[in-house]
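As a plain string of letters, each chain reads:
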Amino acid sequence: MWKPDDALLDEAADQLADALSRVQAAEGDKLRTAALEALEAAGTLVACGARAKAEELLGGADAIGLPEKTRRALLEAARAVCPDELDDAAAEIAELAPELALVSEADRAALEERVASALQLRDSIELVLEGARAAFSNPALPPELDASLESFDELVRPEVWRTLALGERRAARALWMAPAYRARFWWWSKGCDLPADSLDSLAIAARVLAVFPEARGHFEQLIDAERTLESGRPEAARSSALCEERPLAEVIPLFARIRRSHPQRQAQALAAATEETWLVAEAKSAVVTADDEMLYVDYREGCAPAHRRPPTLEVEGQPPLPGGKSAAACGSFEWSLGAPQFRQPKARLRIPVESGEEIVELG
Amino acid sequence: MTRLRIGGGEPVELRVEGFISARAAHGHLFKHVFRLAGLSYRELQANDDPERWAELLPELDHDLSRRRDLALRRLAEAGGCRLCEKAPTEDVVCAECPDERALGRIGHLFGEVLDGYRRSAASAIHWCVENPSRHGLRLLAYRHDDHVRIKALDSRRCVAVGVLEQDGQVRLLSCYRREPGRTFSASWLDMSRERAGHRNAGTLVELELVAKEHRNVEA
């Protein structure tokens, strides 16, 4: 469970207060610098989930409680936030990122530092803009600003996968902020749970496919499964909901939820099919388990009804799907996760027992 | 003597003993101090030193083009350095330098500046120990690739990054100065975000000061 870092909240609040006081006294470049610092600190608070604190320090709605000079300086700084160096930073990332995979470990560390440092410039701009949105209901940011950011993003986006070598540093750059904000900082957050040596695994996969072209179908299945899981990850869904207002329940098919409920799902996917199953739900009369292919209901000892009517899987708008008898054990029923019912976000299992039935909600 | 506990371990003496390799030292010196590598077209045209190293290293010429010319002449004297042909847009030439003897000659010819550069990095690390924030030491330490990385930012906007060994030795990876338009407090907030992220990611390494030396810190 994510929670904001107390030390960071204190530092950001202190900096916001300090920078606002400097804005009031400064002129020229110093005025602009102090205004940008104030907005970046405000953006940091907002991204930590402390919008109310940021708004309070900024003098309330539309920064109405701040002196006019300060308000004007904040607005002007936000409207001219994109420094010329942003293009250089993008070019540097595009140039250095491919080198990350080529140089030795000792030299890579120094390159990583430069790539990370160039990406931080983009962080600052995003936070300044967030701060401006906290300060003003309509900061009326100029269209050229979007063009500059798009130009950076277009150059950097195709290279971000190469920065996987930064490993935990990418995660750290995303995890200070509340989950809902991370998608905006895609240069850090995209794939930030992947390990630093992921690209080595890509090379191994390439070798497997070169030696065994027959494995391509399986490999593509794994990619499809990963895509489905990725779209169902709560963090990704929350982040995309910011932009697209898509409710979580609509984007996660039940089979993806079931597969994701395996704690070591990823390791298993890489190791291909195994016979391992994992617990999905528990009822009084039965346990519900799954593997990558099937969902199973196994009656507890002495709970199977005498009439042997099979449990059924129900989803809205479709006929009930009875479980097939498992060859593996008596009192055990199974469904293929490939059945259309598992493409819905929710389902209900009706498990007959001697005195009636027990219901297990899935999804 | 500055003694620290790294991740709750036994106290060790914090020592900054130089760069992780001669290649790394040269690469960063020529990139950051002499501006001989990895410059953009705009930087070349501007003939401006955005890191203002002459403020910290008195032996440097304040005029960047003169500083660059002098460095290139010395590199030509040393022989075997590809930067002479490739500067200033070539980037990882030092990281890939195959010539150990050239590295040695260049290390000797630029010894004074290299020492000053290393001292600046060491000074940044010690400044962070001696000027804690109200939330603790200003040094950021985190686990990365089975090592502990350390990052320091001092009031002169000097950033030192290195590998912190369990025995307290720091092997430097990079040393650079933040852009002059960015104040120490803004850069510090950036470090605080990084620290908070490492804490949430579980990769933060706690550093605890056990004993502090009394020294004259430059920053």
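Report follows, based on the coordinates.

About the thresholds
Residues numbered from 1 in each chain as written. Chains lettered and ligands numbered in written order. Predicted model: local features only at pLDDT ≥ 70, side-chain atom pairs only at ≥ 80, totals over all residues. Heavy atoms only, no water. Buried < 20%, exposed > 50% of the residue type's maximum accessible area, 1.4 Å probe, protein only. Helix = DSSP H or I, 4+ residues; strand = E, 2+ residues; numbered from the N terminus. Arc of directions from axis to C-beta. Contact = heavy atoms within 4.5 Å. Polar contact = N/O pair within 3.5 Å; in protein donor to acceptor, adjacent residues only side chain to side chain. Pairing = 2+ DSSP bridges. Axes fitted to C-alpha atoms, helices over the stretch in contact; angles between N-to-C directions. Salt bridge = Lys/Arg side-chain N within 4 Å of Asp/Glu carboxyl O. Parallel < 35°, antiparallel > 145°, perpendicular 65-115°, else oblique. Left-handed = near helix turned anticlockwise from the far one by under 90°.

1. Some words on helix α5 (residues 100–109) of chain B
Residues spaced three or four apart along an α-helix point in a common direction, a consequence of the helix completing one turn every 3.6 residues. Residue and element names in this part refer to chain B. Along α5, the residues that are buried comprise Ala102, Leu103 and Ile106. Summarising the axial view, the buried residues of α5 lie within an arc of 100°, below the 170-degree limit, and thus occupy one face. Away from the buried face of α5 by more than 90 degrees, exposed residues Glu100, Arg101 and His108 are located. Here the buried face of α5 lies against α1 (22–33) and α3 (64–78). One side-chain oxygen of the residue at the start of α5 lies 3.1 Å from the amide nitrogen of arginine 101, identifying that residue as aspartate 99.

2. A closer look at the sheet that holds strand β9 (residues 356–362) of chain A
Residues and elements named next belong to chain A. Pairing within the open sheet is antiparallel, and its 4 strands lie in the order β5-β4-β8-β9. Across the chains shown, the open sheet's two edge strands, defined by having one partner strand only, are β5 (321–322) and β9. Here 7 bridges tie strand β8 (residues 347–353) to β9, and the two strands are oriented antiparallel to one another. Residue pairing for β9: leucine 349 is matched across the bridge by valine 360.

3. A look at the sheet that holds strand β7 (residues 169–177) of chain B
Sheet strands pair by backbone hydrogen bonding; their relative direction is either parallel or antiparallel. All names here are of chain B. If you trace the 5 strands from one edge of the open sheet to the other, you get β3-β7-β6-β5-β4, paired in mixed fashion. The open sheet has two edge strands with one neighbour each: β3 (15–19) and β4 (140–144). Strand-to-strand twist in this sheet, taken as the mean axis angle between neighbours without regard to direction, amounts to 35°. Of the pairings in the sheet, the one linking strand β5 (residues 147–153) to strand β6 (residues 158–164) comprises 6 bridges and is antiparallel in character. From the neighbouring strand, lysine 151 faces β6, where its bridge partner is valine 161.

4. Quick word on the pattern of salt bridges
Tallied over the full model, the rule gives 41 salt bridges over all chains. Across the pair glutamate 40 of chain A and arginine 193 of chain B runs a salt bridge, and its minimum N-O distance is 2.8 Å. Residue glutamate 40 of chain A is located in helix α2 (residues 28–47), and its partner arginine 193 of chain B is located in helix α7 (residues 184–201); the two belong to separate chains. Glutamate 40 of chain A sits in the buried class, given a relative accessible area of 3%. The partner of glutamate 357 of chain A in a salt bridge is arginine 350 of chain A, with the nearest N and O atoms 2.5 Å apart. Sharing partners across several salt bridges, the network here consists of Glu40, Asp123, Arg169 and Arg173 of chain A together with Lys151, Arg178, Arg182, Asp190, Arg193 and Glu194 of chain B.

5. A word on the packing of α2 of chain A against α7 of chain B
The interhelical angle for the contact between α2 of chain A and α7 of chain B, taken along N-to-C directions, is 15°, at an axis separation of 10 Å. Classified by the angle between their axes, α2 of chain A and α7 of chain B sit roughly parallel to one another. As α2 of chain A runs across α7 of chain B, the sense of the crossing is left-handed. Residues Glu37, Glu40, Ala41 and Thr44 of chain A of α2 of chain A pack against Ser185, Ala186, Leu189 and Arg193 of chain B of α7 of chain B.

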